[in-house]
Amino acid sequence: HTHQYIMSEDNNTPPPESSPPPTPPPNPKFNIPIHTLIETSQSSHGLRHNDYNQYRSYCTNRLSRLRHDGSIRKTLSHSVIHGISSAESKNQLKKGGKHAFLKKALGAEEATQHVNVMLVTLYCAERCWSHAMEMKADYDDALSSRSNASNSKKKEKGG
């Protein structure tokens, strides 16, 4: 079992066994303070009182505002309804008419064009998370009420 080391030119010492992966260069176009943004949104729109439905509603409205921003609207959705061939797109058009949002697959170039593209992804995830937490809270409430009901029936029977 032999090890081959590539010697560095400056000090003739072998490189370390495990080096961390190189970090990607920062995007010079924009910087999003994600933790601060989410923390502020959550505390201001319902999660201070564990109101996941209110926060989900806020996320939905925020997504709509982000998607309809004039400077980025064409990047995020197709505005032309002619020439749509897929059945899914046609179904979306039936639901919202010519103003329906049609999801568009974005490449790396389009995704880093505008900060709203990144925020759409972030608020979609937040909306899904709040919906999951709301369903979990409803499930926990149902379990606790069912166990309370069964405990009261046991007390009535004397057991």
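Computed from a prediction, not measured in an experiment: that's the story for all the values here.

Colleague: Explain the overall build of the chain to me, please; I cannot follow it from the model alone.
Modeller: Secondary structure assignment for the chain yields six helices and zero strands. Counting across all 159 residues of the chain, residues that qualify as buried make up 20%. At a minimum sequence separation of 6, the contacts of the chain that also span at least 24 residues come to 64%. Summed over all atoms, the accessible surface of the chain reaches about 12400 Å², with 54% contributed by carbon and sulfur.

Colleague: Explain the environment of Ile-72 here, please?
Modeller: Positionally, Ile-72 belongs in the loop between α2 (52-67) and α3 (73-76). Overall, the relative accessible area of 2% leaves Ile-72 in the buried class. Apart from the residues within four sequence positions on either side, Ile-72 is in contact with Leu-66, His-114, Asn-116 and Val-117.

Colleague: Would you mind showing me how to read helix α1 (residues 34-44) here?
Modeller: Every α-helix winds through 3.6 residues per turn, so residues three or four apart in the chain are directed the same way. When we look at burial in α1, the residues that qualify are Ile-38, Ser-41 and Gln-42. Down the axis of α1, the smallest arc covering the buried residues is 95°, so these residues share one side. With its phi angle positive at about 115°, Gly-46 sits one or two positions after the end of α1.

Criteria and cut-off values
- Residues numbered from 1 in each chain as written.
- Predicted model: local features only at pLDDT ≥ 70, side-chain atom pairs only at ≥ 80, totals over all residues.
- Heavy atoms only, no water.
- Helix = DSSP H or I, 4+ residues; strand = E, 2+ residues; numbered from the N terminus.
- Buried < 20%, exposed > 50% of the residue type's maximum accessible area, 1.4 Å probe, protein only.
- Contact = heavy atoms within 4.5 Å.
- Areas by Shrake-Rupley, 256 points an atom, 1.4 Å probe, with all protein chains shown as cover.
- Arc of directions from axis to C-beta.

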